[in-house]
Amino acid sequence: MMEGATWLIHKYVMHGFLWILHSDHHDHSTERNLEKNDYFFIIFAIPAIILMCFGSRQGFNYLFYIGLGVTLYGMAYFFVHDIFIHQRIGFLNKTKNPYLLTIRRTHK
Ligand SMILES: [Zn+2]
Ligand SMILES: [Zn+2]
């Protein structure tokens, strides 16, 4: 479900009314360590924190696990997208696997 949610949010929110925060992720004319796009880490963490907070106060019901799933998805996304694809911290950068290198090269 997070893949579908991410696709929709990227297309209609990040490329919509929050383009002001997302544009520097596609415009690499000003490369810095941090991008305005990184605010989305905070934005996407808020519903996950709220879900885990409410879920834990209700006997760790389904809300907690939805929030946990969103968090684990975010962590996986960070590893694949920010560390591997964008090479933001010089780690996971030695692969010669043609499939992985194609993913990195074709990511826009
Ligand atoms: Zn985009
Ligand atoms: Zn990217």
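These remarks concern the structure in this document. (Residues numbered from 1 in each chain as written. Chains lettered and ligands numbered in written order. Predicted model: local features only at pLDDT ≥ 70, side-chain atom pairs only at ≥ 80, totals over all residues. Heavy atoms only, no water.)

## Thoughts on helix α4 (residues 62–85)
- Here α4 contains 24 residues, and its C-alpha end-to-end distance of 32 Å stays within 8% of the 34 Å for a straight helix at 1.5 Å per residue.
- Considering bend angle alone, the principal kink of α4 is centred on Phe78 and spans about 30 degrees.
- Buried-residue contacts for α4 involve α1 (2–17), α2 (19–26), α3 (39–57) and α5 (98–106).
- Capping the start of α4, Asn61 holds a side-chain oxygen 3.0 Å from the backbone nitrogen of Leu63, two or three residues further along.
- Phi for Gln87, located one or two positions after α4, is positive at around 55 degrees. (Helix = DSSP H or I, 4+ residues; strand = E, 2+ residues; numbered from the N terminus. Expected span 1.5 Å × (residues − 1). Bend = angle between axes of the 7 residues up to and from the residue. Contact = heavy atoms within 4.5 Å. Polar contact = N/O pair within 3.5 Å; in protein donor to acceptor, adjacent residues only side chain to side chain.)

## Details of the coordination of the zinc ion (ligand 2)
- On the protein side, the zinc ion (ligand 2) has His25 (NE2), His81 (NE2), His86 (NE2) and His107 (NE2) as donor atoms, found 2.0 to 2.2 Å from it.
- In this structure, the zinc ion (ligand 2) is coordinated by four donor atoms arranged in irregular fashion, with angles at the metal of 95 to 150 degrees.
- The sequence pattern describing where the donors of the zinc ion (ligand 2) fall on their chain is H-x55-H-x4-H-x20-H.
- Assessed through its relative accessible area of 7%, His81 is described here as buried.
- Accessibility expressed as a relative area gives 24% for His86, which makes it partly exposed. (Donors = N, O, S within 2.8 Å, 3.2 Å for Na, K, Ca; no water. Tetrahedral: all angles 85-135°; square planar, octahedral: opposite > 155°, others 65-115°. Buried < 20%, exposed > 50% of the residue type's maximum accessible area, 1.4 Å probe, protein only.)

## Points about the coordination of the zinc ion (ligand 1)
- His10 (NE2), His15 (NE2), His22 (NE2) and His26 (NE2) make up the full set of protein donors to the zinc ion (ligand 1), lying at 1.9 to 2.1 Å.
- Viewed at the metal, the four donor atoms of the zinc ion (ligand 1) are separated by angles of 96 to 142 degrees, and the geometry they form is irregular.
- Counting the intervening residues between successive donors of the zinc ion (ligand 1) yields the motif H-x4-H-x6-H-x3-H. In this pair, His22 and His26 both sit in helix α2, four residues apart, roughly one turn of the helix.
- Among the residues examined, His22 registers a relative accessible area of 2% and is labelled buried.
- On the basis of relative accessible area, His26 is assigned to the partly exposed category, the value being 30%.

## A few points about the packing of α1 against α2
- At a minimum axis separation of 5 Å, α1 and α2 run at an interaxial angle of 100 degrees. Viewed along their axes, α1 and α2 adopt a mutual orientation that is roughly perpendicular. Residues His10, Val13, Met14, His15, Gly16 and Phe17 of α1 lie in contact with α2, whose contacting residues are Trp19, His22 and His26.
- Within the contact of α1 with α2, the residues separate by chemical class into four nonpolar, five polar and no charged. (Axes fitted to C-alpha atoms, helices over the stretch in contact; angles between N-to-C directions. Parallel < 35°, antiparallel > 145°, perpendicular 65-115°, else oblique. Nonpolar A, V, L, I, M, F, W, Y, C, P; charged D, E, K, R; others polar.)

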